[in-house]
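The primary structure of each chain is shown beneath.
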Amino acid sequence: NAGVTQTPKFQVLKTGQSMTLQCAQDMNHNSMYWYRQDPGMGLRLIYYSASEGTTDKGEVPNGYNVSRLNKREFSLRLESAAPSQTSVYFCASTFDRAGNSYTFGSGTRLTVV
Amino acid sequence: AQSVTQLDSHVSVSEGTPVLLRCNYSSSYSPSLFWYVQHPNKGLQLLLKYTSAATLVKGINGFEAEFKKSETSFHLTKPSAHMSDAAEYFCVVSDPNSGYSTLTFGKGTMLLVSP
């Protein structure tokens, strides 16, 4: 069982460059999420997709865009990377509204120089 | 709005002694509560969850937590720490009645275990 797969695992960008973080799940989950983790801040929600075809902003959406390509895939795009976006990014998915079946990916460590 | 406060950013214990990681929450509804663990440079692993069933919840690796509504607390405990317990622990709240579930994380407690 692959669960939630994130690519790449590591990335270094220069300020102003763009990139897309990929996330795919094979559990037939309806909802998918992108979080960022910064030291001393816990995880903060960037965007989420309650179901295929819908996306909504979370707590810290500025500087990011997302695409729910199909039920399996949910990508996060940085159009013009900034050093403040240096972080570890986690994708997650869940089947039900209660969030009892959250599954996290292993994370993408992004450094913007 | 929901929120989580982890009362200690770092907790240090000796191997074999009890562990207590404290968490208070705020939620407008009856929340679901979770504890996650993250070992260095690893992803997140679910330790245990409370979803309005028994107030004392048992999780993996000997951890347990008690939901106390009157105190709005969900503290994590373990009777005897192991070296392998050294990690960062996150208390998390979810409000299933507010729409599609999003998790609100506490800022984390780093557990240090000394020999």
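Residues numbered from 1 in each chain as written. Chains lettered and ligands numbered in written order. Predicted model: local features only at pLDDT ≥ 70, side-chain atom pairs only at ≥ 80, totals over all residues. Heavy atoms only, no water.

A few points about the overall build of chain B
So, point 1. Helix and strand counts for chain B come out as 0 helices and 12 strands.
So, point 2. The N-to-C order of helical and strand elements in chain B reads β-β-β-β-β-β-β-β-β-β-β-β.
So, point 3. Its C-alpha atoms put chain B at 45 × 30 × 20 Å along the principal axes.
So, point 4. Taken across its 115 residues, chain B has 45% of its residues classed as buried.
So, point 5. A fraction of 56% describes how many contacts in chain B between residues 6 or more apart in sequence connect residues 24 or more apart.
So, point 6. For chain B, the accessible surface area stands at approximately 5,500 Å², while carbon and sulfur atoms represent 51% of it. (Helix = DSSP H or I, 4+ residues; strand = E, 2+ residues; numbered from the N terminus. Buried < 20%, exposed > 50% of the residue type's maximum accessible area, 1.4 Å probe, protein only. Contact = heavy atoms within 4.5 Å. Areas by Shrake-Rupley, 256 points an atom, 1.4 Å probe, with all protein chains shown as cover.)

Here we look at the interface of chain B and chain A
So, point 1. Contacts between the two partners involve 22 residues from chain B, matched on the other side by 21 residues from chain A.
So, point 2. Both faces considered, chain B and chain A share a buried interface measuring about 1,800 Å² in area, 57% of it formed by carbon and sulfur atoms.
So, point 3. Linking chain B with chain A are 0 salt bridges, by the criterion used here.
So, point 4. Counting every contact that joins chain B to chain A gives 3 residue pairs in polar contact (both at pLDDT 80 or more).
So, point 5. Those elements that provide at least two residues to the side of chain B that touches chain A are strand S5 (32-38), strand S10 (87-94) and strand S11 (103-105) of chain B.
So, point 6. The element that contributes the greatest number of residues to the side of chain B that touches chain A is S5(B), accounting for 4 residues.
So, point 7. Residue classes in the side of chain B that touches chain A are distributed as 8 nonpolar, 10 polar and 4 charged. (Buried area = accessible area lost by both parts, 1.4 Å probe. Salt bridge = Lys/Arg side-chain N within 4 Å of Asp/Glu carboxyl O. Polar contact = N/O pair within 3.5 Å; in protein donor to acceptor, adjacent residues only side chain to side chain. Nonpolar A, V, L, I, M, F, W, Y, C, P; charged D, E, K, R; others polar.)

Looking at the nonpolar core
So, point 1. In terms of nonpolar packing, the biggest core is built from 26 residues, with Trp35(B), Leu48(B), Phe74(B), Leu76(B) and Tyr89(B) touching the most fellow members.
So, point 2. By residue number, the principal contributor to this core is S10(B), which donates 4 residues.
So, point 3. Setting aside its immediate chain neighbours within four residues, Leu76(B) contacts Val19(B), Leu20(B), Leu21(B), Trp35(B), Leu47(B), Leu48(B), Phe63(B), Glu64(B), Ala65(B) and Tyr89(B).
So, point 4. One finds Trp34(A), Cys91(A), Leu110(A) and Val112(A) within the second-largest nonpolar core, a separate group that totals 20 residues. (Core = buried A, V, L, I, M, F, W, Y, C linked by side-chain atoms within 4.5 Å.)

A word on the pairing of strand S4 (residues 31-38) of chain A
Residue and element names in this part refer to chain A.
So, point 1. With 8 of 8 residues buried, S4 is to be regarded as a mostly interior element.
So, point 2. Along S4, one buried face is formed by Ser 31, Tyr 33, Tyr 35 and Gln 37 and the opposite face, lined by Met 32, Trp 34, Arg 36 and Asp 38, is buried too.
So, point 3. Of the pairings in the sheet, the one linking S4 to strand S9 (residues 87-94) comprises 7 bridges and is antiparallel in character. Considered in S9, the bridge of Tyr 33 is made with Ala 92.
So, point 4. Taken together, the 7 bridges between S4 and strand S5 (residues 42-49) define a ladder with antiparallel strand orientation. (Pairing = 2+ DSSP bridges.)

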